[in-house]
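Architecture at a glance
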Amino acid sequence: MSGQEIISTEPATGAILWRQMAGDADTEVAIARRSWAEWAARPLAYRIEALRRFANVVRQKSDAFADLLARETGKPLWEARTEVETVIAKVDISVTAYSERTGQRRVDAPMNSRLALRHKPHGVLAVLGPYNFPAHLPNGHIVPALLAGNAVVFKPSEKTPASGAFLVDCFHAAGIPEGCVRLLIGGPDQGKALAGHPDIDGLLFTGSANTGIALNRQFATRPEKILALEMGGNNPIVVWNTPDLYAAAVLVIQSAFTTSGQRCTAARRLIVDQNLFDPLMAEINKLIGRLIIGEPHADPQPFMGPVIDNDAADMLTESFVALLTRGGRPLRHMERPIENRPFLTPGVIDMTEASEKPDIELFGPILQVYRAETFEAAIAEANDTRYGLSASLVSQDPRLYDQFWANIRAGIVNWNKPTNGASSAAPFGGIGWSGNHRPSAYYAADYCAYPVVSSESDQARAAMGVGLRDA
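We now turn to the structure provided with this report. Just so it is clear, the model here is predicted, and its values are computed rather than measured.

As for the overall build of the chain
Across its full length, the chain holds 14 helices and 19 strands. In terms of overall size, the chain behaves like a compact globule, its C-alpha atoms giving a radius of gyration of 24 Å where 471 residues would be expected to give roughly 23 Å. For the chain, the C-alpha atoms occupy an extent of roughly 90 × 55 × 40 Å along the three principal directions. Considering the chain as a whole, with its 471 residues, one finds that 57% of them fall into the buried category. About 20500 Å² of surface is accessible on the chain, with carbon and sulfur atoms providing 51% of the total. Of the side-chain charges in the chain, 45 are positive and 51 negative, and the distance between the mean point of each set is 6 Å.

Re the nonpolar core
Among the nonpolar cores identified, the biggest contains 78 residues, and F54, L146, F171, I176 and L194 are the most heavily contacted of them. It is helix α4 (residues 77-102) that provides the largest number of residues to this core, a total of 8 residues. Core analysis: the second largest hydrophobic core is formed by 33 residues, F320, I349, F363 and I366 among them.

Re the sheet that holds strand β19 (residues 449-456)
Strand order in the open sheet formed by 3 strands is β3-β4-β19, and the pairing between neighbours is antiparallel. With partners counted over all chains shown, the strands left at the sheet margins are β3 (105-109) and β19, one partner each. Going across the sheet, the axis of each strand differs from the next one's by a mean of 20°, ignoring polarity. The pairing of strand β4 (residues 113-121) with β19 spans 8 bridges and is classified as antiparallel. Considered in β19, the bridge of L117 is made with V453.

What about the sheet that holds strand β6 (residues 151-155)?
Reading across the sheet, the 5 strands line up as β7-β6-β5-β8-β9 and stay open at both edges, with parallel pairing between neighbours. Only two strands of the sheet have a single neighbouring strand rather than two, namely β7 (181-183) and β9 (226-230). Sheet twist, expressed as the average angle between the axes of neighbouring strands with direction ignored, equals 15°. For β6 and β7, the ladder comprises 3 bridges, and the chain directions are parallel. The residue of β7 that forms the bridge with V152 is V181. On top of the sheet, helix α5 (residues 136-148) reaches β5 (124-128), β6, β7 and β8 (202-206); it is set at about 165° to β6, its chief contact.

Looking at the pattern of salt bridges
Following the criterion strictly, the structure yields 25 salt bridges and no others. Two residues, R101 and D446, come together in a salt bridge whose shortest N-O distance is 2.6 Å. Here R101 is found in helix α4, whereas its partner D446 is found in helix α14 (residues 445-448), with 345 residues between them in sequence. Note that R399 is salt-bridged to D397, the shortest N-O span being 3.4 Å. A residue is classified by how much of its surface remains accessible, and R399, at 65% relative accessible area, is exposed. For D397, a relative accessible area of 13% puts it in the buried group. Each member of the salt-bridge network shares a partner with another, and the members are R114, R118, E456 and D458.

Considerations on unusual backbone geometry
Following D299, the chain continues to P300 via a peptide bond in cis, the omega torsion being 5°. Here P300 lies in the loop between α10 (277-290) and α11 (310-325). Although it is not a glycine, N241 adopts a positive phi angle of roughly 50°. By the secondary structure assignment, N241 is in the loop between β10 (235-239) and α9 (245-257).

Digging into the environment of A40
If you trace the backbone, A40 turns up in helix α1 (residues 25-41). On the basis of relative accessibility, which here comes to 23%, the residue A40 falls in the partly exposed class. Taking the C-alpha atoms as reference points, A40 and K120, 80 residues apart in sequence, are found 8.5 Å from one another. When residues no more than four places from it in sequence are discounted, the contact partners of A40 are R47, P121 and G149.

A short note on the side chain of D309
In this structure, D309 sits in the loop between α10 and α11. The residues contacting D309, other than those within four sequence positions of it, are K159 and P342.

Some words on the packing of aromatic side chains
Using the criterion set out here, one finds 7 aromatic pairs in the structure. Here the aromatic rings of W39 and Y46 are separated by 6.3 Å at their centres, their planes lie at 70°, and the arrangement is edge-to-face. Residue placement shows R42 over the ring face of Y46; its charged tip is 4.4 Å from the ring centre. Above the face of the Y443 ring, R101 is positioned so that its terminal group lies 3.6 Å from the ring centre.

Let's talk about helix α3 (residues 62-73)
An α-helical turn contains 3.6 residues, so any two residues separated by three or four positions project in the same direction. Taking 1.5 Å per residue, 12 residues should reach 16 Å; α3 reaches 16 Å between its end C-alpha atoms and fits that length. Within the sequence span of α3, burial applies to F65, A66, L68, L69, A70, E72 and T73. Residues of α3 that are buried sit in contact with β1 (5-9), β2 (16-21), α2 (44-60), α4 and α6 (161-173). Once α3 finishes, G74 follows within two positions and takes phi at roughly 90°, a positive value.

Each value, and the rule that gives it
Residues numbered from 1 in each chain as written. Predicted model: local features only at pLDDT ≥ 70, side-chain atom pairs only at ≥ 80, totals over all residues. Heavy atoms only, no water. Helix = DSSP H or I, 4+ residues; strand = E, 2+ residues; numbered from the N terminus. Rg over C-alpha atoms; globule rule 2.2 N^0.38 Å. Buried < 20%, exposed > 50% of the residue type's maximum accessible area, 1.4 Å probe, protein only. Areas by Shrake-Rupley, 256 points an atom, 1.4 Å probe, with all protein chains shown as cover. Lys, Arg positive; Asp, Glu negative; His and termini not counted. Charge placed at Lys NZ, Arg CZ, Asp CG, Glu CD. Core = buried A, V, L, I, M, F, W, Y, C linked by side-chain atoms within 4.5 Å. Pairing = 2+ DSSP bridges. Axes fitted to C-alpha atoms, helices over the stretch in contact; angles between N-to-C directions. Contact = heavy atoms within 4.5 Å. Salt bridge = Lys/Arg side-chain N within 4 Å of Asp/Glu carboxyl O. Phe/Tyr/Trp six-rings, centres within 6.5 Å; stacked < 30°, edge-to-face > 60°. Lys NZ or Arg CZ within 6 Å of the ring centre and 35° of its normal. Expected span 1.5 Å × (residues − 1).

Remember that the coordinates give geometry; whether it matters functionally is a separate question.
Shown next as C-alpha cells:
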C-alpha cells in the first residue's frame, strides 16, 4: 500500500531522522523491467567501470554515510565506518568472484566445433535488506547482481530506510542508470508486494528464519524464479581445553555482544567444559562489567550501542524472563539502563538444567550457557538446533578442532576466532534454517547469473549414417 509514511528514528535518542511516503512495487518493478535489457547488453568492462565509480562515490561520502548508519542503527561510529569500508571493498571482491565463479570457458569438440560456457543475468531481481547492516548486506546482493547485468529493486528495512536511500543515491551518482537500481520504501505490505510480484525474476533475501521460510513456501510453485535466502542462526561457541581464559572470554564477548548481539552470526549459546565453567564465567563477568554501552558518537567510544528500537528491547527483556521461567539460572541479569530507550546490558543465563531449551534466534545481547561433561556431549549440544550458520571452537588442541570441524553442522566453522566477522572474500551461508544452499558473499555470483552451455561450429556439418533407406 502506498500512501503510508515511513519514519526513521534514532534508537539512541528517539529523534526523527528521516521520513518519506511509501512507494509502489508495481511502479518500481515496471521501471526496472524496462531498463534491465540495455544494462545487460553493455560489455562487462563497462559495468565493472560503473561499479568502481560507485565505490569511489561511497569513498568520497564515507564520513556522511558512517554518521547516518550510526544514527539510524545505533551502532558505534567505529563500527559504522567499518560497514562503509565493506561496501567499498565489495566491488573489487565481486569482480574477482564473478570472473572465477561465472567466467567464460571454451573447450574444443569433435569436427572442428567447440563447447562454450557463458552466463546470463536473470533479469529483474528483488532485494530485501535487514536493519542490522542496512548498507553492507543489501550491497552484497546488489553489486554482484548489477555486475552480472541484472536490474535491482531494493526494499530496505522499514527500520533503516534512510541508509538504504543513501546507498541507492550512491549508485545513481556513479552513473548507474536509475532504472537499473530502484528504491522501494515501505513496510511489510510493500515487501510482500515486491516478493510476490509476477515480473521479478528472483528474490535475494537477508533476514529472519520465519520470513525466509514463508518466502520459501511462496516460491515453491515458481521454480522459474531464483530465491536466495540468508537467514539467522542459533550459533554455538565451544570453549574446551584452553589455558588462556582471558582470551577465551574476549572471543565469547566479541561473538555474543558485538553490534549489541544483532548479527546473524552472533553466538547465542556458550558451551563450556564444566571444569572451566567457574573461572571462564569469572573472566566473562569482569569483561562485561567493563563494557562501554552508549550512544554512537560517545567519547570514549562504546563497545555497543542500543538495539534497533524499543519493541526489540521489550521483546528481548521478556525473552530473558521467559528463559528464567524455564529453569534458566541467571549469571548476569539483563538491564535497561535508560528508561524508554533501547539500551540493554548483556544478559547471561545458565540453561544447563532448564526444563525447555527454545531453539530460537534471540536477536540481541543474550547469551545462553551450557556446561558439558565430555567434548562429544559439547558437539551434540552445539548441533541441537534447526539452524546451521556459524560455530566456533576455542581450544589449544588441534585434534579437537579436527573432530569439531568434521562433526559440527554449520556453514561457517571457526577455530580460536569469533563466530562473527565473516569475510566477503569467502562464501557466506548456512544450512538448515539458516539458508537454502545459496551462499552469499564470494558465491553471490552463483545466484546472480545462470550458466548457458552452447555447442558451436562455424559451419553447418551434418550426416546421418544409420536409420535411412537407400536413396
